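Spelled out from the first residue to the last, the chains are:
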Amino acid sequence: MELDWYDIGNKIKNAKPEELMDRIRENVELFVQDERENGKSNMTAALHDAGVDDDQIIRLLVKYYDLTENEAMELLRLEKTQDEPCRRVIDYLIKKEGFSRSDAVDFISDFGVSELLRDTKGLWQKSTDQIIKLAKQNCNTEQAA
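Residues numbered from 1 in each chain as written. Predicted model: local features only at pLDDT ≥ 70, side-chain atom pairs only at ≥ 80, totals over all residues. Heavy atoms only, no water.

A. Structural view of the packing of helix 2 (residues 17-49) against helix 4 (residues 69-97). Contact geometry for helix 2 and helix 4: axes closest at 10 Å, N-to-C directions at 75°. Viewed along their axes, helix 2 and helix 4 adopt a mutual orientation that is roughly perpendicular. Here Lys 40, Ser 41, Thr 44, Ala 45, His 48 and Asp 49 of helix 2 come into contact with helix 4, specifically with Leu 75, Leu 76, Glu 79, Lys 80, Glu 84 and Arg 87. Residues that form the contact of helix 2 with helix 4 fall into these classes: 3 nonpolar, 3 polar and 6 charged. (Axes fitted to C-alpha atoms, helices over the stretch in contact; angles between N-to-C directions. Helix = DSSP H or I, 4+ residues; strand = E, 2+ residues; numbered from the N terminus. Parallel < 35°, antiparallel > 145°, perpendicular 65-115°, else oblique. Contact = heavy atoms within 4.5 Å. Nonpolar A, V, L, I, M, F, W, Y, C, P; charged D, E, K, R; others polar.)

In structure tokens form, the structure reads like this:
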């Protein structure tokens, strides 16, 4: 669908200034909220990758993002059990299998790697090869059913 700039211009011209400011504030708030979520995830990933002690990561998340201890623990749990293993799979597919980055990301989605990591206790501790193999098996099993 193409943008109709004439229509957009008319809407802006005919809008009340208060309505425009409200829409701008809403969009800015959504953007800030998204960036805050990205910041929390990036900080957690960076500290975990750097080998910082789990308790220290939790304390820093609580301090700098005003999270409860439970929220910080959950963020770290997600990093360790889902996000980091997914990044390992993506890196493996790019480096060892010759995938493009977008194809590797599509693999994560198409084969339900995130869901498999979420639903299979301890899978995150397995090798990248084992995660990929199980994802393929799980996908083949679902297709056969």
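B. Seen up close, helix 3 (residues 54-65). The end-to-end C-alpha distance of helix 3 is 16 Å, a good match for the 16 Å that 12 residues give at a rise of 1.5 Å each. Taken as a whole, helix 3 has its buried residues at Ile 57, Ile 58, Leu 60, Leu 61 and Tyr 65. Buried residues of helix 3 fall within an arc of 165° about the axis and therefore sit on the same side. Those residues of helix 3 hidden inside the fold are in contact with helix 2 and helix 4. Positive backbone phi, at 55°, marks Asp 66, one or two positions downstream of helix 3. (Expected span 1.5 Å × (residues − 1). Buried < 20%, exposed > 50% of the residue type's maximum accessible area, 1.4 Å probe, protein only. Arc of directions from axis to C-beta.)

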